[in-house]
Amino acid sequence: MPEIITLGEPLIQLNAVTPGPLRYVTYFEKHVAGAEANFAVAATRMGFSTGLITKVGDDEFGRDIIETLRARGVDVSRIAVEKDGYTGIYFIQRGYPVPGKSTSVYYRKGSAASHLSPLDVDPAYLRGAKHLHITGITPALSESCRETCIAAAKLAKQLGLKVSLDTNIRPKLWGSTDARNAILPLVSYADILFTDNDDTRILVGSQGTSAAYALISKGPQIVVLKGGARGAAAYTKAGPIEEPGYKVPVVDPTGAGDAFAGVFVSGILKGWKLLDCLRAGNVAGSLVVTVRGDQENIPTEEDIKSFLEKYSGEGSGK
Ligand code: KDG
């Protein structure tokens, strides 16, 4: 059974080859993505065995996801194929209207993964694992997905797993009030919480240090505020630790936060110091943004070391 288990919707990403409004894009590059699948690949690259609990459609995209994740080392035995269901996809518009930023356009309503239910969380699969990772995307997909996240987090705690939650609020999927009402109950199950200032403003009405400690008071031992290229900070009862990011050429920032989280959690499970987890997470995020696709550039531990030895980009965190 895998050491690290994730639960959520894998998606096929159709990434615009050229920047600009989607209506003028002729070519799209296909990638396997989805926040939790990205996290699983990151933890796999860091040397952990991982598994993804989800559903895909009985279609070519579902088959692509299963084959690709299997090839990337993720256990796909808990990816159910839903007969007559379909696999969610999304398009990425790059560099417009804000250079260096991307926009996601989803086609996922009613997808196979939105039919996940608590029955898909098999206690036998979680038993013996070390860690469960979930995100705030899944409860946005449906009521049964919301129940599934709660059931998985509850079961994980009962079985002695550590739980991480990335708040990942996607305003295109739901409103702020619904997001807050669904995500705050999950925060109390999390040992490690990943979030950012946009999400904390929705969840606790503040940002930065005060938001981090408001969230720590709800249960997590570690709250990580991700700041993209600016770097990240980890807050614990002992105080904050900050680590700046690296200046790299940005092709598409999508997926950087998932790689960061997967590498950070892997560092924690390896017993690393918080500063080293932040630094390695920043390296992973920096590498992911330099290409299209969320998973291809997620580094191994060895590649993180090479980056840290050799990268001297202007504004690097060294
Ligand atoms: O974090 C990257 C993800 O946003 C992307 O791969 C798609 O999971 C996704 C989502 O729901 O936005």
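1. Observations concerning the site of the ligand
Phase 1: The environment of the ligand is formed by 14 residues, the closest being Y90, Y106, R108, D258 and D294.
Phase 2: Between an oxygen atom of the ligand and a side-chain N or O atom of Y106, the distance comes to 2.5 Å.
Phase 3: R108 places a polar side-chain atom, nitrogen or oxygen, 2.8 Å from an oxygen atom of the ligand.
Phase 4: Isolated, the ligand exposes 320 Å² of accessible area, and the fraction of that covered by the protein chains is 96%.

2. Quick look at the packing of helix α1 (residues 35–45) against helix α8 (residues 256–269)
Phase 1: The contact between α1 and α8 brings their axes to 8 Å, and the two run at 40°. The pairing of α1 with α8 is recorded here as oblique in orientation. Helix-helix and strand crossings are classified by hand; for α1 and α8 the assignment is right-handed. Seen from α1, the contacting residues are A35, N38, F39, A42 and A43; seen from α8, they are D258, A259, A261, G262, V263, V265 and S266.
Phase 2: Its residues placed into classes, the contact of α1 with α8 shows eight nonpolar, three polar and one charged.

3. Observations concerning the packing of aromatic side chains
Phase 1: Applying the stated criterion across every chain, the model contains ten aromatic pairs.
Phase 2: A ring pair is formed by F194 and F260, whose centres lie 6.2 Å apart and whose planes are at 85°; its orientation type is edge-to-face. Linking F194 in strand β11 (residues 192–195) with F260 in helix α8, this pair joins segments that are 66 residues apart in sequence. Comparing F194 with F260 shows no difference in burial state: the two are buried.
Phase 3: Among the aromatic side chains, those forming a connected cluster through ring pairs are F28, F91 and Y107.
Phase 4: Residue placement shows R108 over the ring face of Y106; its charged tip is 4.6 Å from the ring centre.

Calculation criteria
Residues numbered from 1 in each chain as written. Predicted model: local features only at pLDDT ≥ 70, side-chain atom pairs only at ≥ 80, totals over all residues. Heavy atoms only, no water. Near = heavy atom within 4 Å. Polar contact = N/O pair within 3.5 Å; in protein donor to acceptor, adjacent residues only side chain to side chain. Areas by Shrake-Rupley, 256 points an atom, 1.4 Å probe, with all protein chains shown as cover. Axes fitted to C-alpha atoms, helices over the stretch in contact; angles between N-to-C directions. Helix = DSSP H or I, 4+ residues; strand = E, 2+ residues; numbered from the N terminus. Parallel < 35°, antiparallel > 145°, perpendicular 65-115°, else oblique. Left-handed = near helix turned anticlockwise from the far one by under 90°. Contact = heavy atoms within 4.5 Å. Nonpolar A, V, L, I, M, F, W, Y, C, P; charged D, E, K, R; others polar. Phe/Tyr/Trp six-rings, centres within 6.5 Å; stacked < 30°, edge-to-face > 60°. Buried < 20%, exposed > 50% of the residue type's maximum accessible area, 1.4 Å probe, protein only. Lys NZ or Arg CZ within 6 Å of the ring centre and 35° of its normal.

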